[in-house]
Amino acid sequence: MPSASTKAAATRAVADASLATEDTRLSPGQLEFRRLSLALFAAGVAAFALLYSTQALLPAVSAAFGATASAASWTVSAATGALALCVLPLSALSERYGRRSMMTVSLAVAVAVGLLVPLAPNLETLVALRAVQGAALAGVPASAMAFLAEEVRPKALIAAIGLFVAGNSIGGMSGRIVTGWVAQLWGWRAGLAAVGLMAAVCALAFRALLPKARHFAPGTLNPKALAKTVRGHLADPLLVRLYAIGALFMTVFGAVYTVIGYRLVEAPFSLPQGVVGSVFLVYLVGTVSSAAAGRLVGRLGRRGALYLAVSTTAAGLLLSLADALPAVLAGLVLITAGFFAGHAVASSSVSRTAQTGRAQASALYQSAYYLGSSAGGTLGAVAFHAGGWAGTVVIGLVAVLGVVSITLYGTHSARVAARREHLATA
């Protein structure tokens, strides 16, 4: 039988080995960490520029094809819906073939389709191409989250994911601004072509900068094992709450930004297409708030950060009801800041909560998130058609109330669990 000292030595050896393994992960200050951060930032820019490339152009698309707002909104909802459906199977493929390869192929296909989108002869073809593009982009977000969880030290994970989310916001902003101004000068088709070329440059930068994975262990494609992992994640109450929060936050965001272009081109604002596209400069606020999510969690805790994010979003929705342009813009700033902070907190919490099957955990979050985007875009457009901007705001406030309810329930559950633990200890 081993002696106590031998057991202690063995324990220390295991701990040292574990620490050594952790130390090989990347941390801020290292060249590889900077390369990884920049690469995924570029991937985020490309993915979101492509994913929402038609959103700022919806009034022009409606005019070109004689379509209603709700019909034209499917050029956005089809892409996000297809992404939501395909993210889980593609994340499973990333477990077998690697996160790096999956993200590379996904971006390459999405860019290729993006260069075909401007040639669509009718709305139906445009929607179909956008659906294919969304399905291709599904390989980027979940693989990126899993790649970070494997390659970055846990303490730096929220900051790293925050930077990836910041790339998303820059991509969403730049894509809309580029399409808006190019469309004003040369038409909406030229605007979509310009975004396709911009995404191609970002995809090449991503591939050149992304370091090789050092902690990826290939798995096998086992449908039964995948189903078991998914069931396990869906049986975790905390993960399910995080999935619902991501979906509801994105419902607000999808509704607001799908419809805002229609509101701003109409009276009393009557803004030109290029100026409407420039409104998306407020995405810069999202870049700041998502990058600051780690500090918010450190000061307020996860639930405290979510309360702050959802309060900011609700305040922005109410402020946007005013018919004064400065008030509308201020409302968009608050909505954007609250959304990106909440998304960064929820998505990073998923990566930290899941101990196994991180790619599937992230994929389920992305599925819920983009289903929320698809639902928000469609519901927001229908509500706008029925009741104007106030109808869209109601959709957003209902989703905000859902986030508050889930977060309050999580707070109550945590207090009950702590009380039970205290009584058991006593």
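Scroll up to find the structure.
Residues numbered from 1 in each chain as written. Predicted model: local features only at pLDDT ≥ 70, side-chain atom pairs only at ≥ 80, totals over all residues. Heavy atoms only, no water.

Chemist: What should I look at first to understand the overall build of the protein chain in this one?
Modeler: Within the protein chain, the regular secondary structure consists of 18 helices and 0 strands. Taking 22 Å as the expected radius of gyration for a compact globule of 426 residues, we find that the protein chain reaches 22 Å, a close match to that expectation. Across the 426 residues that make up the protein chain, the buried fraction comes to 55%. Considering only contacts within the protein chain whose residues lie at least 6 apart along the sequence, 83% involve residues at least 24 apart. (Helix = DSSP H or I, 4+ residues; strand = E, 2+ residues; numbered from the N terminus. Rg over C-alpha atoms; globule rule 2.2 N^0.38 Å. Buried < 20%, exposed > 50% of the residue type's maximum accessible area, 1.4 Å probe, protein only. Contact = heavy atoms within 4.5 Å.)

Chemist: Please explain the packing of aromatic side chains as it appears in this structure.
Modeler: Each aromatic ring pair is described using two quantities: the centre-to-centre distance and the angle formed by the ring planes. Under the definition given, this model contains 12 aromatic pairs. Taking 5.6 Å as the distance between ring centres and 70° as the angle between the ring planes, the aromatic pair formed by Phe65 and Trp188 counts as edge-to-face. Here Trp188 lies in helix H10 (residues 188-209) and Phe65 lies in helix H3 (residues 58-65), a separation of 123 residues in the sequence. Relative accessible area serves as the criterion here: at 22%, Phe65 is assigned to the partly exposed category. Arranged with centres 4.7 Å apart and planes meeting at 85°, the rings of Tyr369 and Tyr370 form a pair that is edge-to-face. Across the pair, Tyr370 and Tyr369 agree in class, each one buried. Within the aromatic cluster, the residues linked to one another by ring pairs are Phe48, Tyr52, Phe253, Tyr257, Phe280, Phe339, Phe340, Tyr365, Tyr369 and Tyr370. Cation over ring: Arg96 sits above Tyr97, and NZ or CZ is 5.4 Å from the ring centre. (Phe/Tyr/Trp six-rings, centres within 6.5 Å; stacked < 30°, edge-to-face > 60°. Lys NZ or Arg CZ within 6 Å of the ring centre and 35° of its normal.)

Chemist: Honestly, helix H17 (residues 358-387) in this entry has me stumped. Any pointers?
Modeler: Residues lying three or four places apart along an α-helix face the same way, a consequence of the helix completing one turn every 3.6 residues. Relative to the 44 Å expected for 30 residues at 1.5 Å per residue, H17 spans 42 Å between its end C-alpha atoms, a close match to the ideal helical length. Among the 30 residues that make up H17, 22 are buried, leaving the element largely enclosed by the rest of the structure. Phi turns positive, to about 75°, at Gly388, one or two residues after H17. (Expected span 1.5 Å × (residues − 1).)

Chemist: Honestly, the side chain of His233 in this entry has me stumped. Any pointers?
Modeler: Relative to the assigned elements, His233 resides in helix H11 (residues 223-234). Other than its neighbours up to four places away in sequence, His233 contacts Leu239, Val240, Tyr243, Ala354, Thr356, Gly357, Gln360, Ala361 and Leu364.

Chemist: Mind showing me how you'd approach the nonpolar core here?
Modeler: What tends to happen in soluble globular proteins is that the nonpolar side chains get buried as a cluster. With 125 residues, the main nonpolar core has Leu40, Leu148, Phe206 and Tyr257 as its most contacted residues. Examining the composition of this core, we find that 15 residues originate from one element, helix H12 (residues 237-265), more than from any other. (Core = buried A, V, L, I, M, F, W, Y, C linked by side-chain atoms within 4.5 Å.)

Chemist: Even after reading the chapter, I still don't get unusual backbone geometry, so can you show me in this structure?
Modeler: Leaving glycine out, the prevailing phi sign among residues is negative, and the prevailing peptide bond configuration is trans. For the bond running from Ala267 to Pro268, omega is 10°, close enough to zero to count as cis. Of note, Ser270 is a non-glycine position whose phi angle comes to about 50°, a positive value. Looking at where Ser270 falls in the secondary structure, it is placed in the loop between H12 and helix H13 (273-278).

Chemist: Even after reading the chapter, I still don't get the packing of helix H2 (residues 31-51) against helix H7 (residues 123-137), so can you show me in this structure?
Modeler: Describing two packed helices takes the angle between their axes plus the distance from one axis to the other. In the contact formed by H2 and H7, the axes pass within 10 Å of each other and the chain directions differ by 160°. When the interaxial angle is binned, H2 and H7 end up roughly antiparallel. Crossing handedness for the pair H2 and H7: left-handed. Side by side, H2 and H7 meet where Ala47, Leu50 and Leu51 of the first sit next to Arg130, Gln133, Gly134 and Leu137 of the second. A breakdown of the residues in the contact of H2 with H7 according to their chemical character gives 4 nonpolar, 2 polar and 1 charged. (Axes fitted to C-alpha atoms, helices over the stretch in contact; angles between N-to-C directions. Parallel < 35°, antiparallel > 145°, perpendicular 65-115°, else oblique. Left-handed = near helix turned anticlockwise from the far one by under 90°. Nonpolar A, V, L, I, M, F, W, Y, C, P; charged D, E, K, R; others polar.)

Note that all results are geometric; they support no functional claim without further evidence.
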